Every structure is written in structure tokens, then in C-alpha cells.
Amino acid sequence: MDYANYVYLAVILFTIGAATVLLRRNAIIVFMGIELMLNSANLAFVAFSRINGDLTGQVVAFFVMTVAAAEVVVGLAIIVSIYRSRRSVSVDDINLLKN
Amino acid sequence: MTSGAEAVLFWCLAPLMVLAALGLIFARKAVHATICMVFVMISLAVMYIANQAPFLGIVQIVVYTGAVMMLFLFVIMLVGVDAGDSLVDTLKGQRWIGWLLGIGLGVVVFSFLGRVSLAGGKGHAETVANNPAEIARVLLGNFVFPLELVGVLLVTAAIAALTMTHRRNLTKRIGQKELADTRVASGARLTPLPSPGVFAQRNAMDVPALDPHGQPVEASVSRVLRARGQERDAIYDPDIELLDEAGRPAPSTWDRSVGSGASAPANGESESTAVTEDSGNAESTSNEKED
């Protein structure tokens, strides 16, 4: 088996995550799609790190995890505060700037 | 090239991961999508460990599965588990455009990967034994400034989450002192309500207590029982009247028809007859009086 298979798997997961962001209306599930994309990028980083024999890829994946954790905290706080004021987590209902 | 065992692991795990990730698109409920996501995260940790990155595998389980996905579950619990997707298209054909863009992205990236040679690879067989120490060497050697920036970012994110979810009170906070002051000012009862039945002839929830004058204390019966009409009279209950056979006249200044049987005589005229007669004969005595 080739190392590249991990990269192909990462690409498939990234595509599914992007499709989730485009297709789902629930803001929480959209958020999980973003998480899936970040994780697949991590998998690609780790696979490339192994292909090149360089640990920098793993360090960058570590940074991605940290930034993703911060992003999750802020994003979920936004979702909760929107739910408090609008009683909905559907991204269709957040249209205050429309018209 | 990898070992045969790793190939078996990959081909067992990768299809399951793709299926679970597809569950993110097709699951109706947000909780099911979250569980699918947790499976993907744990499988990714296994993939990292198989990819000679054991430190990242552990961090993946601790940070993502342990913290991030549990945070997702908490938020789903906060906003309501059954908050499903709306099925109405606000944008016409948005679903098909979304599918088209998603599949198009996959085609583009795959065609790009096809032009890149990824064969072979060095691997880090010599550093995998002390992988965390080697990562720390790179992290604290080449990436010190980004590491400090990430620290600032985490503090900022924590403060942002606190301010974002903070709610300011619209009115003045009502504490214990304010509650006590309003109660005294309104002249309401300050002490606890008397307990029912304990000082009456029987110890039951639905029988009112008697005060020192022998009068029932109405407030001693639960408000719910009074509203339902399920309370019993302390005096005119037939079981209790058996205890009255000592000849002591029942104090009849208190008259309530709720809950008492048909044997309860009327208020004023019963004073002379009900004292000597049994309670079962109350009707006959009233008949005699009419005669």
C-alpha cells in the first residue's frame, strides 16, 4: 500500500466536509463540517510528514488542532448567543442584514 | 511502502470513516451527526498512530473526541436535541448547486493529486520511538514565536466566549434581603405554615390541624388538596366521630361541607340531637324533628 492512500482519504474527507457545509442548514452540523475539513487537512499533513521524513508536518498539524479548538469555542459561543436571541440554529433564519 | 498489517488496518478503517463522514450529510438529527463525527475523530487518531505520529494520535483523542465533540454535544443539548433541519429551500435549487459544488471540488482535487507523484516516501522509523521529544525539538526550536501567538489566541478565544455568552440582568437582582423586605411590607405570614393533622385526632395530610380553641386551621392543609376539594373535615369525618363518643359535643361553629359525608348534620339544629345520637342515625333524627 502506498503512503498516498492517506492523502486520498484526506481528500475524500475534505470533500465530504465541504459538501456538509454547503448542504446542511443546522449551524451546528455546518460547524462539524468545518471540523471535518480541518481534520482531513491534519491527516494530509501527517501523511506528507511521513512521506518527506520531516516532523514539521506533525508540528503544523498540532498548530491546526490548537487553532481549531479556539475556533470551536468562539463559534459555539456565537451559535449559543444567536440561539438565545432568535430561538433557532438554522442558518436560513439568520438574515437580519437582508434588505 | 507500508507493511501488510497497516494496509489491512487502512482498508478496514477508511471505508468506515467515509461512511461515518457521509452520515454527517445524511443524518437527520444533529446528535446522530455528532456520533458519526466522534467515530471519524477516533479513527483519525488510529490513522495518526499508524502514520508514526503517536503524539498527535493521543492529542487527537484528548482534544477532539474528549473536548471538542463533547462541547458540540453540550451545545446540542442547550439548543434542543430535536432542532431538525428545515426542509424548505430558501434559495431555489440550492441543494443541487451544493451537490454540484461539492462533487466538483472533489473532482478538482483528485485530478490535481493525479498529477503529483506521491510514490515512495522516507517515513520516520528512527524518530518514532521518542516522537514527543522530537516534536518538542521542532516545536520549541523553529516554532517558538507561533507557539506564543497560539497562546495569545487561546486566551483571546476564552475571553471572547465568556463575553459572547454573558447575559446582563435587565432588572435589579432580587436577593434574599429584598424578598424578606417585600414579605414584611406586604403584611403576609412570616412564619412557616402549620403542619396538617398532627395535633388533630388523626395524623394525615388531608385533615386540618386544630388550634388551641379546637378550631381547625385551614392553612395547615396543602393548597393543592384544598383546591381539589380533597381535604377532610377534622370533626365530621365518620372515623373521627367514633372518638367523640365520650359525650363531648362536637364543636359545630366550624362548618364545611367539602369532603364530609352525608351524615354531617346541619349546623344550628344539630346541637341538641347529634350529641346523643350515633352519626349513622343523623338522618333519622332530622326526620324525627320534622315530624
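Right, let's get into the overall build of chain B. Scanning chain B from N- to C-terminus turns up 11 helices and two strands. If you list the helices and strands of chain B from N to C, you get α-α-α-α-α-α-α-β-β-α-α-α-α. Taken over 291 residues, chain B has a buried fraction of 31%. Taking contacts inside chain B between residues at least 6 apart in sequence as the whole, the part at least 24 apart equals 47%. For chain B, the exposed surface amounts to about 18700 Å²; the carbon and sulfur share of it is 64%.

Note on soluble globular proteins: their nonpolar side chains tend to be buried together. Leu9 and Met32 of chain A together with Met47 and Phe72 of chain B are the most contacted members of the largest nonpolar core, which totals 74 residues. Of all the elements in the fold, those that place two or more residues in this core are helix H1 (4-23), helix H2 (27-52) and helix H3 (56-86) of chain A together with helix H1 (4-26), helix H2 (30-50), helix H3 (54-79) and helix H5 (131-142) of chain B. Not counting residues within four places of it along the chain, the set of residues in contact with Met47 of chain B comprises Tyr6, Leu9 and Leu43 of chain A together with Phe10, Leu13, Ala14 and Met17 of chain B.

Our next topic: a nonpolar patch on the surface. The grouping of Leu22 of chain A together with Ile97 and Leu101 of chain B at the surface amounts to a nonpolar patch, some 260 Å² of accessible area in total. Structurally, Leu101 of chain B is set in helix H4 (residues 94-114). The exposed category is assigned to Leu101 of chain B, whose relative accessible area is 51%.

Interfaces are frequently sized by the accessible area removed from exposure as the parts join. At the junction of the two partners, chain B supplies 85 residues and chain A supplies 69 residues. Interface of chain B and chain A: buried area, both sides summed, is about 7200 Å²; carbon and sulfur atoms make up 73% of it. At the boundary of chain B and chain A, one finds one salt bridge. One salt bridge in this structure joins Arg50 of chain A and Glu6 of chain B, with 2.8 Å as the shortest N-O distance.

All names here are of chain B. Here chain B shows a mean pLDDT of 77. Residues at 70 or above account for 73%. Per-element averaging of pLDDT across chain B places helix H10 (residues 270-273) at the bottom with 40 and H2 at the top with 93. The model gives residues 240-245 a pLDDT under 50, and that stretch makes 12 contacts with residues more than four places away or in other chains. For residues 252-291, every residue scores under 50 in pLDDT, and the model assigns this stretch 37 contacts once sequence neighbours within four places are set aside. Both confidence scores are given for the complex: pTM 0.69, ipTM 0.93.

What follows concerns the packing of aromatic side chains. In the structure shown here, the tally under the stated rule is eight aromatic pairs over all chains. Relative to Phe110 of chain B, the ring of Tyr8 of chain A lies with its centre 5.7 Å away and its plane at 0 degrees, an arrangement referred to as stacked. Of this pair, Tyr8 of chain A sits in helix H1 while Phe110 of chain B sits in helix H4, which puts the two residues in different chains. For Phe110 of chain B, a relative accessible area of 32% translates into the label partly exposed. Clustering of aromatic rings is evident, with ring pairs tying together Phe62 and Phe63 of chain A together with Phe55 and Phe143 of chain B.

Now for the environment of Leu36 of chain A. Within the fold, Leu36 of chain A resides in helix H2. Sequence separation between Leu36 of chain A and Leu13 of chain A is 23 residues, and the spatial gap between their C-alpha atoms is 6.9 Å.

On to the confidence of the model for chain A. Chain-level pLDDT for chain A is 89 on average; 99% of the residues reach the 70-or-more range. Between the elements of chain A, mean pLDDT differs from a low of 90, seen in H3 of chain A, to a high of 93, seen in H2 of chain A.

Another point: the side chain of Ser49 of chain A. Residue position: Ser49 of chain A is located in helix H2. When its relative accessible area of 3% is taken as the criterion, Ser49 of chain A is described as buried. Beyond its immediate chain neighbours, meaning those up to four positions away, Ser49 of chain A contacts Asp54, Leu55, Gly57 and Gln58 of chain A together with His124 of chain B.

Now for unusual backbone geometry. Its identity as a non-glycine residue notwithstanding, Arg87 of chain A has a phi of 60 degrees, on the positive side. When you line up the elements, Arg87 of chain A lands in the segment after H3. Phi is positive for Gln52 of chain B, close to 60 degrees, though the residue is something other than glycine. Relative to the assigned elements, Gln52 of chain B resides in the loop between H2 and H3.

Below, the discussion takes up the packing of H2 of chain A against H3 of chain A. All names here are of chain A. At a minimum axis separation of 9 Å, H2 and H3 run at an interaxial angle of 175 degrees. Relative to H3, the element H2 lies roughly antiparallel. Residues Ala27, Ile28, Phe31, Ile34, Glu35, Leu38, Asn42, Phe45, Val46 and Ser49 of H2 form the contact with H3, whose own contacting residues are Gly57, Gln58, Val60, Ala61, Val64, Met65, Ala68, Glu71, Val72, Gly75, Leu76 and Ile79. Its residues assigned to classes, the contact of H2 with H3 shows 15 nonpolar, five polar and two charged.

Before going further, it helps to spend a moment on the pattern of salt bridges. All names here are of chain B. Per the counting criterion, the structure on display carries four salt bridges over all chains. For the salt bridge of Lys172 with Glu178, the shortest nitrogen-to-oxygen distance reads 3.6 Å. On the basis of relative accessible area, Lys172 is assigned to the exposed category, the value being 65%. With its nearest N and O atoms 2.9 Å apart, the salt bridge here joins Lys177 to Asp181.

A word on H2 of chain B. Compared with the 30 Å implied by 1.5 Å per residue over 21 residues, the 30 Å span of H2 of chain B between its first and last C-alpha is a close match. Following H2 of chain B by one or two positions, Gln52 of chain B has its phi on the positive side, about 60 degrees.

This part covers helix H6 (residues 144-165) of chain B. Here H6 of chain B contains 22 residues, and its C-alpha end-to-end distance of 32 Å stays within 8% of the 32 Å for a straight helix at 1.5 Å per residue. Regarding H6 of chain B, the residues found buried are Val150, Ala157 and Ala161 of chain B. Each buried residue of H6 of chain B sits inside an arc of 25 degrees when the element is viewed along its axis, so together they form one side. Away from its buried face, by an angle of more than 90 degrees, H6 of chain B presents the exposed residues Phe145, Glu148, Val152, Leu162 and Thr163 of chain B. Buried residues along H6 of chain B sit against H3 of chain A.

Reading guide: rules and limits
- Residues numbered from 1 in each chain as written.
- Chains lettered and ligands numbered in written order.
- Predicted model: local features only at pLDDT ≥ 70, side-chain atom pairs only at ≥ 80, totals over all residues.
- Heavy atoms only, no water.
- Helix = DSSP H or I, 4+ residues; strand = E, 2+ residues; numbered from the N terminus.
- Buried < 20%, exposed > 50% of the residue type's maximum accessible area, 1.4 Å probe, protein only.
- Contact = heavy atoms within 4.5 Å.
- Areas by Shrake-Rupley, 256 points an atom, 1.4 Å probe, with all protein chains shown as cover.
- Core = buried A, V, L, I, M, F, W, Y, C linked by side-chain atoms within 4.5 Å.
- Patch = residues over 30% accessible without salt bridge, like charges linked within 9 Å, V, L, I, M, F, W, Y side chains within 5 Å.
- Salt bridge = Lys/Arg side-chain N within 4 Å of Asp/Glu carboxyl O.
- Buried area = accessible area lost by both parts, 1.4 Å probe.
- pLDDT = per-residue confidence, 0-100.
- Phe/Tyr/Trp six-rings, centres within 6.5 Å; stacked < 30°, edge-to-face > 60°.
- Axes fitted to C-alpha atoms, helices over the stretch in contact; angles between N-to-C directions.
- Parallel < 35°, antiparallel > 145°, perpendicular 65-115°, else oblique.
- Nonpolar A, V, L, I, M, F, W, Y, C, P; charged D, E, K, R; others polar.
- Expected span 1.5 Å × (residues − 1).
- Arc of directions from axis to C-beta.

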